[in-house]
Amino acid sequence: MTGPMPDFPAGFTWGVATSAYQIEGATTTDGRGPSIWDTFARAPGRVVDGGTGDVACDHYHRYAEDVELMAGLGVGAYRFSVAWPRVQPAGSGPANPAGLDFYDRLVDALLARDIDPVATLFHWDLPQPRQDAGGWLARDTAHRFADYADLVAARLGDRIRLWITLNEPFVHMSLGYAMGVHAPGEVRLLDAVPAAHHQLLGHGLAVAALRARTGSPIAIANNYSPVRLAGDTAADRAAARAYDALHNRLFTDPLLGRGYPADLLGPAGLLDPRALLDPGALPEPDGPLGLAGPLDPGGPAGVALVRPGDLETIAAPIDALGVNYYSPTGVRAAEAGSPLPFEPVPLGGYPTTSFGWPVAPDGLRELLTSLRDRYGDDLPPIYVTEGGCSYDDVVQPDGRCHDPERIAYLDGHLRAVRDALDDGVDVRGYFVWSLLDNFEWAEGYTKRFGLVHVDFDTQVRTPKSSYAWYRDLVRPR
Ligand code: IFM
């Protein structure tokens, strides 16, 4: 830390973020249906220590206490996610009014404390019946997602201040459909790409559904990771470019009207991730941009994945871009015969979190300026919709919980945002991940990201020293 934090622009949004499956619990209460995470977490060996979201932080019953924690923090916005299986247990068809009632109560409690509700519609907890119908490999899921968005907007559209359609579609595709370490646990490697196209299509259709119901701004939250070369051969450089195409450009290019990245197009200009295995065969960058592609695995025989009109739907104007940043990724060329063109490698030279992730605030400034440089006038205002770190935080015998590493992490990353503002990037807010320690997916309850410590046996909440630090930062000065 280097002296007092510089000022941020008036109106800059300070927030905290969570997601439904990670905190709510109450997975069978008031008509909630099963999600892919309920199924996945129950399968032996999928989650560390056999953890599930059955109880999590019991936020479903303790939301009023958690809103008071946010009020004490002084944040202006809370980013939560709506559980699709709570609102529409079958993943299609009518709404479950009791599920919507919960979000009604939450939103009203936030507004009563002058905290803007920021709602994410999909944070990975797909209704299990939709998975049984093909999940995001099936085009129909995109249409059903728009129906669900309409149900939520019909109830909450008058009070949500910012909508976020999807959270981190890259992570959902890669960990859920390519590598099998998240629900639904599929190992399709490059063949996971249809899950990207259908999420993007679902986003575009949901934007239209939301616009019909509300005038509030609409965004999507992507995960980004600047790529660092871990070797200096031509093959290493091609590997880094391939990784960058999948992680950083596959979603944002079509969202901002550029079509799919050229790296991901086969020789005929069709979306085909196998092009990454043969970067020498890249089409001309201004060739046709993914207007067809391999066959849709969820569609009738002979039907292309990318259909006419899809790219226009996906590129529906958005009002903001959500940027989730944790760390850069080191990449080198994969061994010959590998089914992937790259191999991630640990980055040296940085301190690491308890997850082993490098603490690299310079990567956030680089990311924000590179988004501005790449997309120019097509880039809407940015909100950093997630940033944070896990450490092995412990409540001491005196009842306090000290987390100086988290304070240093947030301090460094907020200075990086400030630098990016000085560089001319239009950043409107920052949401700390997370308000509470919570269910960290395949890591169960072993990774703590909260400003508030949660004892998962007693549900006692203990604000950490980072909570006081953030409170003092966001307090009007
Ligand atoms: O906990 C997750 C969150 O659900 C999505 N973004 C990254 C966080 C930390 O892994």
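Calculation rules
Residues numbered from 1 in each chain as written. Predicted model: local features only at pLDDT ≥ 70, side-chain atom pairs only at ≥ 80, totals over all residues. Heavy atoms only, no water. Buried < 20%, exposed > 50% of the residue type's maximum accessible area, 1.4 Å probe, protein only. Helix = DSSP H or I, 4+ residues; strand = E, 2+ residues; numbered from the N terminus. Pairing = 2+ DSSP bridges. Contact = heavy atoms within 4.5 Å. Phe/Tyr/Trp six-rings, centres within 6.5 Å; stacked < 30°, edge-to-face > 60°. Lys NZ or Arg CZ within 6 Å of the ring centre and 35° of its normal. Axes fitted to C-alpha atoms, helices over the stretch in contact; angles between N-to-C directions. Near = heavy atom within 4 Å. Polar contact = N/O pair within 3.5 Å; in protein donor to acceptor, adjacent residues only side chain to side chain. Areas by Shrake-Rupley, 256 points an atom, 1.4 Å probe, with all protein chains shown as cover. Nonpolar A, V, L, I, M, F, W, Y, C, P; charged D, E, K, R; others polar. pLDDT = per-residue confidence, 0-100. Expected span 1.5 Å × (residues − 1). Salt bridge = Lys/Arg side-chain N within 4 Å of Asp/Glu carboxyl O. Bend = angle between axes of the 7 residues up to and from the residue.

The element strand E7 (residues 320-325) is extensively covered by neighbouring structure, given that six of its six residues are classed as buried. Covered by surrounding structure in E7 are Ala320, Gly322 and Asn324 together with Leu321, Val323 and Tyr325, the residues of both alternating faces. Relative to E7, strand E5 (residues 218-224) runs parallel, the two being bridged by six bridges. Note on E7: the bridge partner recorded for Ile220 is Leu321. Inspection of the sheet shows E7 paired to strand E10 (residues 382-387) by four bridges, in the parallel sense.

On the secondary structure map, Glu440 appears in the loop between strand E11 (427-433) and strand E12 (452-454). With residues near it in sequence (within four places) discarded, Glu440 still touches Gln22, Phe355, Trp433, Lys447 and Phe449.

Across all of its chains, the model carries 32 aromatic pairs by this definition. With a centroid separation of 6.4 Å and an interplanar angle of 80°, the aromatic rings of Phe122 and Phe145 are classed as edge-to-face. Pair noted here: Phe122 is in strand E3 (residues 116-122) and Phe145 is in helix H7 (residues 139-156), with a separation of 23 residues, a long-range link. Each member of the pair, Phe122 together with Phe145, is buried. Linked through ring pairs, Tyr21, Trp37, Phe40, Trp124, Phe439, Trp441, Tyr445 and Phe456 together constitute an aromatic cluster. Geometry around Phe8 places Arg418 over its ring, the cationic atom sitting 5.9 Å from the centre. Stacked on the ring of Phe355, the Lys or Arg Lys447 has its end atom at 5.4 Å from the ring centre.

It is worth spelling out the sheet that holds strand E1 (residues 13-17) at this point. Sheet strands associate in pairs through backbone hydrogen bonding, adopting either a parallel or an antiparallel arrangement. Read around the closed barrel, the eight strands follow the order E1-E2-E3-E4-E5-E7-E10-E11; overall the barrel is parallel. Averaged over all adjacent pairs, the angle separating strand axes in this sheet is 25°, with direction ignored. Summarising the sheet, E1 and strand E2 (residues 77-81) pair through three bridges and their orientation is parallel. Paired with Ala17 across the two strands is Arg79, which belongs to E2. Across the sheet, helix H5 (residues 97-112) is in contact with E2 and E3; its angle to E2 comes to roughly 170°. Sitting on the sheet, helix H15 (residues 465-474) is in contact with E1 and E11, with an inclination near 155° to E1.

The environment of the ligand is made up of Gln22, His123, Trp124, Asn167, Glu168, Tyr326, Trp357, Glu386, Trp433, Glu440, Trp441 and Phe449. Contact between the ligand and Trp433: an oxygen atom at 3.3 Å from a side-chain N or O atom of the residue. Residue Trp441 places a side-chain N or O atom 2.8 Å away from an oxygen atom belonging to the ligand. Starting from 280 Å² of accessible surface for the ligand in isolation, the protein chains cover 96%. In terms of residue class, the shell around the ligand is made up of six nonpolar, three polar and three charged.

Taken in spatial order, the three strands line up as E6-E8-E9 in an open sheet, and their pairing is mixed. The sheet is open, and its two edges are formed by strand E6 (227-229) and strand E9 (342-345), each paired on a single side. Strand after strand, the sheet turns through a mean of 45° between neighbouring axes, direction not considered. In the sheet, E6 pairs with strand E8 (residues 329-333) via three bridges, with the strands oriented parallel. Looking across to E8, one finds that Val227 is bridged to Thr329.

Looking now at the confidence of the model for the protein. Model confidence for the protein is summarised by a mean pLDDT of 95, while 95% of its residues fall at 70 or above. Confidence over residues 282-292 falls short of pLDDT 50; this stretch has 29 contacts with residues more than four positions distant or in other chains.

On to the environment of Arg406. Locating Arg406 in the fold gives a position in helix H14 (residues 404-422). Placed 364 residues apart in sequence, Arg406 and Arg42 show a C-alpha to C-alpha distance of 31 Å. Not counting residues within four places of it along the chain, the set of residues in contact with Arg406 comprises Cys389, Ser390, Tyr391, Asp393, Arg448, Phe449, Gly450, Leu451, Lys464 and Ser466. Among the polar contacts made by the side chain of Arg406, one reaches the main-chain carbonyl oxygen of Cys389 at a distance of 2.9 Å.

Here the focus is helix H9 (residues 193-211). Here H9 spans 27 Å end to end across 19 residues, near enough to the 27 Å set by a 1.5 Å rise per residue. By the criterion of burial, H9 is predominantly enclosed, with 16 of the 19 residues buried.

Turning our eyes to something else, we now look at the pattern of salt bridges. Under the criterion given, the structure shown has 44 salt bridges. We note a salt bridge from Arg461 to Asp66, for which the minimum N-O separation is 2.9 Å. In this pair, Arg461 is assigned in strand E13 (residues 461-463) and Asp66 in helix H3 (residues 59-73), connecting sequence segments 395 residues apart. Residue Glu68 is joined to Arg113 by a salt bridge in which the shortest nitrogen-to-oxygen separation is 2.5 Å. Here the residue Glu68 occupies a position in helix H3, and Arg113 occupies one in the loop between H5 and E3, the gap between them amounting to 45 residues. What you see here is one network of salt bridges that share partners, running through Asp101, Asp104, Asp108, Arg155, Asp158 and Arg159.

Attention now moves to H3. Taking 1.5 Å per residue as the helical rise, H3 with its 15 residues ought to reach 21 Å, whereas the 17 Å between its terminal C-alpha atoms falls clearly short. Of all the bends in H3, the largest measures some 40° and sits at Glu65. For H3, the complete set of buried residues consists of His59, Tyr60, Tyr63, Asp66, Val67, Leu69, Met70 and Leu73.

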